[in-house]
Amino acid sequence: MATETDTTTFDARQLAHRLPDDALLHGGIVFAILLMASPLLLAIIMSTQSTTEVYQVTNLGLGSRGLSNYSDALVNYDFSTYMLNSFVMSVTVVVGKVTLSLFAALALVYYRFPYERAVFMFILLTLLLPVPVRIVPLFQLMADLGWTNSLLALTGPYIASATAVFLFRQQFMGIPASLVEVARLDGVGPLTFLFRVLVPMSRGMIAGVCVITFIYTWNQFLWPLVVVTDKSSQVVQVGIRYLQGSAQAGLTQWGLIMAGAVLALLPPLAVLVVLHRPLLRTLTIQQK
């Protein structure tokens, strides 16, 4: 029979064999993380540097500007207004898209009407026509309606979402049919059933869709650039483009641009950190 000493020796040998493999694995993970984070780290470092320091390639330390580039971007280049416009645009699209998609999914799952499946397939086919493909007719429509340079023009094309309808439809189809029958027998109306039963049971999915929609809307560049000509109504991604037009002694102020890029990163990063768990669950369902 094996003694306690033999068992301890065997465990020590196993540990000695595993240590190099574990060290190699963790070293590879740390290297991959640093490699993926290097652009962000470089942007943060450059955002503290002056124009002269940025053009010194060997200078990889924090610069002499500190937070001055951030204050210049927010105050002197009106970056705070761009961020506010993007925030209002993103929240409006999130609320509108989630509300409309919930009603559409409710109709597709719990109502029977002619060509129901064809309607659902048509909704999915709209994924083949994203906003950049429809940009010319959309701009003409906004101009005809008199919506240019307005929040309606920024948010209107993004309110309807086939992806959100599909996700909510799949979520509703997973709710037990017995629960639906009980609600019908109790005389619960469709809106009451939606807001008191379906929405509480789909909070994770709704949160995930909100995260995806917020980040997607916040990062919009092409459509706001086309439909908005007034600088005071412009969004943050186009605002970064405005920063590129600034120059000092004929040199692009990359420190100022990187400060704007870091500022533009903060709101979606905060949303992602707070709601990352529902987002992961949503992506898991979407993969299935």
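All values derive from a computational prediction rather than experimental measurement.

Cut-offs applied
Residues numbered from 1 in each chain as written. Predicted model: local features only at pLDDT ≥ 70, side-chain atom pairs only at ≥ 80, totals over all residues. Heavy atoms only, no water. Core = buried A, V, L, I, M, F, W, Y, C linked by side-chain atoms within 4.5 Å. Buried < 20%, exposed > 50% of the residue type's maximum accessible area, 1.4 Å probe, protein only. Helix = DSSP H or I, 4+ residues; strand = E, 2+ residues; numbered from the N terminus. Contact = heavy atoms within 4.5 Å. Polar contact = N/O pair within 3.5 Å; in protein donor to acceptor, adjacent residues only side chain to side chain. Phe/Tyr/Trp six-rings, centres within 6.5 Å; stacked < 30°, edge-to-face > 60°. Lys NZ or Arg CZ within 6 Å of the ring centre and 35° of its normal. Salt bridge = Lys/Arg side-chain N within 4 Å of Asp/Glu carboxyl O. Axes fitted to C-alpha atoms, helices over the stretch in contact; angles between N-to-C directions. Left-handed = near helix turned anticlockwise from the far one by under 90°.

> Just give me the short version of the nonpolar core, but keep the residues and values in it.
Counting residues in hydrophobic clusters, the biggest one holds 45 residues, and the most contacted among them are Phe79, Val98, Tyr110, Phe168, Phe172 and Leu198. The greatest single-element share of this core, amounting to 10 residues, is contributed by helix 4 (residues 79-110). Residues Val131, Trp223, Val235 and Val238 belong to the second largest nonpolar core, which totals 14 residues.

> Give me the lowdown on the environment of Leu124, citing residues and values where you can.
Among the structural elements, Leu124 can be located in helix 5 (residues 116-125). Owing to a relative accessible area of 23%, Leu124 belongs among the partly exposed residues under this scheme. Beyond its immediate stretch of four places on either side in the chain, Leu124 contacts Ala162 and Phe166.

> So what's going on with the environment of Trp218? Which residues, and what values?
Assignment of secondary structure puts Trp218 in helix 11 (residues 203-218). A residue is classified by how much of its surface remains accessible, and Trp218, at 1% relative accessible area, is buried. Along the chain, Trp218 and Val93 lie 125 residues apart, while their C-alpha atoms are 9.8 Å from each other. When neighbours within four sequence positions are excluded, Trp218 is seen to be in contact with Met83, Ser86, Phe87, Ser90, Val236, Gln237, Ala264, Pro267 and Pro268. Engagement of the side chain of Trp218 in a polar contact is seen with the backbone oxygen of Ala264, the distance being 2.8 Å.

> Give a detailed account of the packing of aromatic side chains, specifying residues and quantitative values.
Both the distance between ring centres and the angle between the ring planes are used here to describe each pair of aromatic rings. What the rule picks out here adds up to 9 aromatic pairs. Between the aromatic rings of Phe120 and Phe166, the centroid separation amounts to 6.4 Å while the plane-to-plane angle is 20°, which identifies the pairing as stacked. In this pair, Phe120 sits in helix 5 while Phe166 sits in helix 8 (residues 162-173), placing the two residues 46 residues apart along the sequence. Under the relative-accessibility criterion, Phe120 is labelled buried at 7%. These aromatic residues form a ring-pair network of at least three members: Phe79, Tyr82 and Tyr242. In this arrangement the basic side chain of Arg169 is found over the ring face of Phe120, its NZ or CZ atom lying 4.0 Å from the centre. When the ring centre of Tyr242 is taken as reference, the NZ or CZ atom of Lys231 above it lies at 4.6 Å.

> Kindly report on the pattern of salt bridges, identifying the contributing residues and their values.
Where charged atoms from two side chains of opposite charge approach closely, those side chains can pair. On inspection of all chains with the given rule, the structure shows 3 salt bridges. For the salt bridge of Glu181 with Arg184, the shortest nitrogen-to-oxygen distance reads 3.5 Å. With Glu181 and Arg184 both in helix 9 (residues 177-185) and 3 residues apart, the pair spans about one turn of that helix. Residue classification places Glu181 among the partly exposed residues on the basis of a relative accessible area of 42%. Judged by relative accessible area, Arg184 falls into the partly exposed class, the value being 48%.

> Residue-level account of the packing of helix 4 against helix 7 (residues 151-159), with values.
Taken N-terminus to C-terminus, the directions of helix 4 and helix 7 make an angle of 35°; their axes are 9 Å apart at the nearest point. Pair helix 4 / helix 7 crosses with right-handed handedness. Residues Val88, Met89, Thr92, Val93, Gly96, Lys97 and Leu100 of helix 4 form the contact with helix 7, whose own contacting residues are Leu151, Leu154, Thr155, Tyr158 and Ile159.

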